[in-house]
Amino acid sequence: MTGSLIPSPFSLPALSLVIGGARSGKSGYAERLLTLAARPRRYIATAEAWDDEMRDRIARHRLDRGPAWTTVEAPLDLAAAIAASPATDAVLVDCATLWLTNHLLADHDLDSTTTALLAALAACPAPVVIVTNETGWGIVPDNALARRFRDAQGRLNQRLAAQATLVVTVIAGLPLALKGTLP
């Protein structure tokens, strides 16, 4: 997908949600939204590098984004990272799915952490684009932890979508507005 599908410059809504499956192009689309918004770009990363493959993946993503992005790592305290974002920036959170996974594996209270995240998003003075995975289109997982994750992810996505002004799904690299209007 080329950047010409998004006019430049444009104003980001206070909260946008970009949702899609694995390797759907959702992160690339979200990055293009921020790139064309003509603001300093802040990337809040939620991934944790548990192995060499993940460390390599994170390093490649940083190189691909280049030096024009300020990167903040927030695998757990995403609400604080969002709250610390300057009003002049455009913020990309990538991704809600890894953030939720981190909390689930740490056996944290998902309701309270989600409520704190939603409050931080509502109070953030900068526009935020948050990337998340759609996990509900697959088969029913065969174990309790996977089912708990899938259910929690679905609930989180619903709450994020309810709060967002713009909700975009990306399938095969193509964006489709579910709520609001594509820029």
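An account of the accompanying structure is given in this report. (Residues numbered from 1 in each chain as written. Predicted model: local features only at pLDDT ≥ 70, side-chain atom pairs only at ≥ 80, totals over all residues. Heavy atoms only, no water.)

Observations concerning the sheet that holds strand 6 (residues 166-171)
Sheets are built from strands paired through backbone hydrogen bonds, the pairs being either parallel or antiparallel. Let me state the cut-off plainly: Should DSSP find at least two bridges between two strands, the strands are regarded as paired. The helix count covers DSSP runs of H or I at least four residues long, the strand count covers runs of E at least two residues long, and both are numbered beginning at the N terminus. Throughout, an axis means a line fitted to C-alpha atoms (over the contacting stretch in the case of helices), and angles, computed between N-to-C directions, take values from 0 to 180 degrees.
The strand order across the open sheet formed by seven strands is 3-2-4-5-1-6-7, and the pairing between neighbours is mixed. Of all strands in the sheet, those with a lone pairing partner are strand 3 (69-73) and strand 7 (174-179), marking the two edges. Between one strand axis and the next, the sheet turns through 20° on average, direction left out of account. In this sheet, strand 5 (residues 128-133) lies alongside strand 1 (residues 15-20) in parallel orientation, the contact comprising six bridges. When the sheet's bridge partners are listed, Leu17 is paired in strand 5 with Ile130.

Topic: the packing of aromatic side chains
The condition that has to hold: Paired rings are identified among Phe, Tyr and Trp, the last through its six-membered ring, by centres lying within 6.5 Å, and are further divided according to the angle between planes into stacked (under 30 degrees), edge-to-face (over 60) and tilted (the rest). Type-normalised accessible area, obtained with a 1.4 Å probe on protein chains alone, sets the label of each residue: buried when under 20%, exposed when over 50%, and partly exposed for intermediate values. We count a charge as sitting over a ring when the NZ of a lysine or the CZ of an arginine lies within 6 Å of the ring centre and within 35 degrees of the ring normal.
With the rule as written, the count across this model stands at one aromatic pair. Look at Tyr43 and Trp69: their rings are 6.1 Å apart centre to centre, the planes differ by 80°, and that puts the pair in the edge-to-face class. Here Trp69 lies in strand 3 and Tyr43 lies in strand 2 (residues 41-45), a separation of 26 residues in the sequence. Of the two residues examined, Tyr43 and Trp69, each falls in the buried class. Over the face of the ring belonging to Tyr43 we find Arg65, whose NZ or CZ atom lies 3.4 Å from the ring centre.

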